[in-house]
Amino acid sequence: MSERTEPVIDRSAIDPDRYAEHGGFPKVAEAEPGPNFAPFVDALRTLQDLAVSVDCPDEVFGEALERVRRLNDLLEPYRAPETVGPAGRVSTLPGRGSLLMPPWQIVEAGPTGVSMRGEFRRYHLGGNSAVHGGVLPLLFDDLFGSLVHYAGRPISRTAFLHVDYRKITPLHTPLKVEGTIDRVEGRKSFVSARLRDESDNLLAECDGLMVQLLPWQP
């Protein structure tokens, strides 16, 4: 992939005082972990890739198992509730530092739309060198949440996603996705997005509906 550049972010539509309109959703603040967090997450992404790709002797799996158990024992005392741990709250990291999210980053965002760039790794393999079809709705859904946020809309839940798979989405290939809010009707935000390769070939597209939470909805 090309060298990372600072994203172009327009936050002019965001009103931080509107959380009263966000239903029962907790207020999530940006996290500022120490310098070891980013390489820790990156190392775990590599571990995910290896876990789904290695073909090693059983004794090697056994040794790896013991090391993973020791790592679990090390981290378990620090298990934290949602909105406390840094994972998912570091916007400068791929996938915001969450292993659940594909390691993509926003390159441009504002009231008119959001664009992201990234690659899918071996962990995202579906078969025959293609990205698993179930991973693309995750990417689109995450993008739609960002669309709502940077458009200054109240926090919304996904009502539906409709994905059209146009071409095989490859692994280990720089890709881009762009999304827009196409129209707003009261609590409803109708959104769409397009996934393309660097030659601008359309790989998949998605349309969806995001619905603003009511005061009593989590």
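Residues numbered from 1 in each chain as written. Predicted model: local features only at pLDDT ≥ 70, side-chain atom pairs only at ≥ 80, totals over all residues. Heavy atoms only, no water.

Undergrad: Run through the overall build of the chain, naming residues and quoting values.
TA: When its secondary structure is counted, the chain shows three helices and nine strands. Order of helices (α) and strands (β) in the chain, N terminus to C terminus: β-α-α-β-β-β-β-α-β-β-β-β. Taken against the 2.2 N^0.38 rule, which gives 17 Å for 218 residues, the C-alpha radius of gyration of the chain at 19 Å falls within 12% of a compact globule. For the chain, the spread of C-alpha atoms along the three principal axes comes to 60 × 45 × 30 Å. Each of the 218 residues in the chain was classed as buried or not, and the buried ones make up 33%. Charge separation in the chain, taken as the distance between the mean sites of 24 positive and 31 negative side-chain charges, equals 4 Å. (Helix = DSSP H or I, 4+ residues; strand = E, 2+ residues; numbered from the N terminus. Rg over C-alpha atoms; globule rule 2.2 N^0.38 Å. Buried < 20%, exposed > 50% of the residue type's maximum accessible area, 1.4 Å probe, protein only. Lys, Arg positive; Asp, Glu negative; His and termini not counted. Charge placed at Lys NZ, Arg CZ, Asp CG, Glu CD.)

Undergrad: An account of the UniProt feature "domain: Thioesterase" (unreviewed entry) in the chain is requested, with residue identities and associated values reported.
TA: As annotated by UniProt and renumbered to match this structure, "domain: Thioesterase" (unreviewed entry) occupies residues 130–203. Helix makes up 22% of residues 130–203 and strand 47%, and the two end C-alpha atoms of the span are 11 Å apart. (UniProt positions renumbered as here; feature names shortened; annotations may be inferred.)

Undergrad: Please provide a residue-by-residue account of the sheet that holds strand E7 (residues 175–185), values included.
TA: A sheet is described by the order of its strands in space; here seven strands give the open sequence E1-E2-E3-E7-E8-E9-E6, paired in mixed fashion. Among the strands making up the open sheet, the edge pair consists of strand E1 (8–9) and strand E6 (156–165). Relative to strand E3 (residues 113–118), strand E2 (residues 105–110) is paired through five bridges, and the arrangement is antiparallel. Within E3, the residue paired with Gln105 across the bridge is Arg117. Running over the sheet, helix H3 (residues 135–150) touches E1, E2, E3, E6, E7, strand E8 (188–197) and strand E9 (202–212) and is turned about 130 degrees from E8. (Pairing = 2+ DSSP bridges. Contact = heavy atoms within 4.5 Å. Axes fitted to C-alpha atoms, helices over the stretch in contact; angles between N-to-C directions.)

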